[in-house]
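This is what each chain is made of:
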Amino acid sequence: NDQGNIAFCGVTLVRGAKNILVDSAHNGRRALLLQRLAERGLTPADIDYVFLTHAHWDHVLNVDLFPNAKVLIHPLEREYCKHPKEGDWATPAYTTLILESRQLQEVREGEEIDEGVSVLETPGHSKGSMALLVRNGDNVSAISGDALPNGWSATAGVPRMIFWDVDQAKSSIRKLMDRAGA
């Protein structure tokens, strides 16, 4: 990404038995997303899952690119999108229309979506934020979206932007640091 700050519309590809795209970014990153997939020999039809760390606009707007993908979302996030809090500019009213037009599959903490790849609930930044834990041997990495967007947040113990609950956001950062072995 050449705009914004670290973690802004971050997209991560996890390749195993399944091709998992973590978040899909926003429309301004559509061409770059397609280019990066092509560089890896993939087309949008090759993506099995789009795992949404949360449903803010900069993470969901390209979900329509993936015709065969199941879109994985936390049930609390799915419900929240239907009636976001007043003043939540990151969850526009049309978000639920976009998501409900896809093949949604609700997932919760502990579910394994591929070998060594499991869900971790990380609420706070948004109501149903979640991360993906990826095990590689003895190492575990967390792909956390905006629940833990950068080093400053890890040091401060809180993400810079919180749309749901400060205490939950702080707890989720501790949980991520503990589970990913940081």
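The rules we used
- Residues numbered from 1 in each chain as written.
- Predicted model: local features only at pLDDT ≥ 70, side-chain atom pairs only at ≥ 80, totals over all residues.
- Heavy atoms only, no water.
- Pairing = 2+ DSSP bridges.
- Helix = DSSP H or I, 4+ residues; strand = E, 2+ residues; numbered from the N terminus.
- Axes fitted to C-alpha atoms, helices over the stretch in contact; angles between N-to-C directions.
- Expected span 1.5 Å × (residues − 1).
- Buried < 20%, exposed > 50% of the residue type's maximum accessible area, 1.4 Å probe, protein only.
- Arc of directions from axis to C-beta.
- Contact = heavy atoms within 4.5 Å.
- Polar contact = N/O pair within 3.5 Å; in protein donor to acceptor, adjacent residues only side chain to side chain.

1. So, the sheet that holds strand β3 (residues 49-51)
Phase 1 of the analysis: Taken in spatial order, the 5 strands of this open sheet run β1-β2-β3-β4-β5, and their pairing is mixed. Each end of this open sheet is capped by a strand with a single partner; those strands are β1 (12-15) and β5 (103-106). Strand-to-strand twist in this sheet, taken as the mean axis angle between neighbours without regard to direction, amounts to 25 degrees.
Phase 2 of the analysis: Strand direction decides the pairing type here: strand β2 (residues 19-22) and β3, joined by 3 bridges, are parallel.

2. Structural notes on helix α6 (residues 166-179)
Because each turn of an α-helix spans 3.6 residues, side chains separated by three or four positions end up pointing in the same direction.
Phase 1 of the analysis: Between its first and last C-alpha, α6 extends 20 Å over 14 residues, near the 20 Å set by a 1.5 Å rise per residue.
Phase 2 of the analysis: Where α6 is concerned, the buried positions are Ala169, Ser172, Ile173 and Leu176. Projected down its long axis, α6 shows its buried positions confined to an angular sector of 100 degrees, all on one face. Exposed positions of α6 whose direction lies more than 90 degrees from the buried face are Asp167, Arg174 and Asp178.
Phase 3 of the analysis: In this structure, the buried residues of α6 make contact with β7 (117-121), β8 (130-136), β9 (139-143) and α5 (151-156).
Phase 4 of the analysis: Capping the start of α6 is the job of one residue whose side-chain oxygen sits 3.1 Å from the backbone nitrogen of Asp167: Asp165.

3. Focus: the pairing of β7
Phase 1 of the analysis: Among the 5 residues in β7, 4 count as buried, and that is most of the element.
Phase 2 of the analysis: Sheet topology note: the strand β6 (residues 112-114)/β7 ladder contains 2 bridges and is antiparallel. Residue pairing for β7: Asp114 is matched across the bridge by Val117.
Phase 3 of the analysis: Taken together, β6 and the strand that follows it, β7, pair antiparallel across an intervening segment of 2 residues, in which Gly116 is found at a positive phi of about 80 degrees.
Phase 4 of the analysis: As paired strands, β7 and β8 are joined by 5 bridges and run antiparallel to one another. Within the sheet, the bridge partner assigned to Glu121 lies in β8 and is Met130.

4. Section: the sheet that holds β6
Phase 1 of the analysis: A sheet is described by the order of its strands in space; here 4 strands give the open sequence β6-β7-β8-β9, paired in antiparallel fashion. Strand pairing shows two members of the sheet lacking a second neighbour, β6 and β9, which therefore form its edges. Along the sheet, successive strands turn relative to each other by an average axial angle of 30 degrees, direction set aside.

5. Topic: the pairing of β8
In summary, the side chains of a regular strand alternate between the two faces of the sheet.
Phase 1 of the analysis: For β8, the buried fraction is high: 5 of the 7 residues fall into the buried class.
Phase 2 of the analysis: With 5 bridges connecting them, β8 and β9 associate as antiparallel partners. Of the residues in β9, the one forming a bridge with Leu132 is Ile143.
Phase 3 of the analysis: Here β8 hands over to β9 after 2 residues, with Gly137 in that stretch at a positive phi of 65 degrees.

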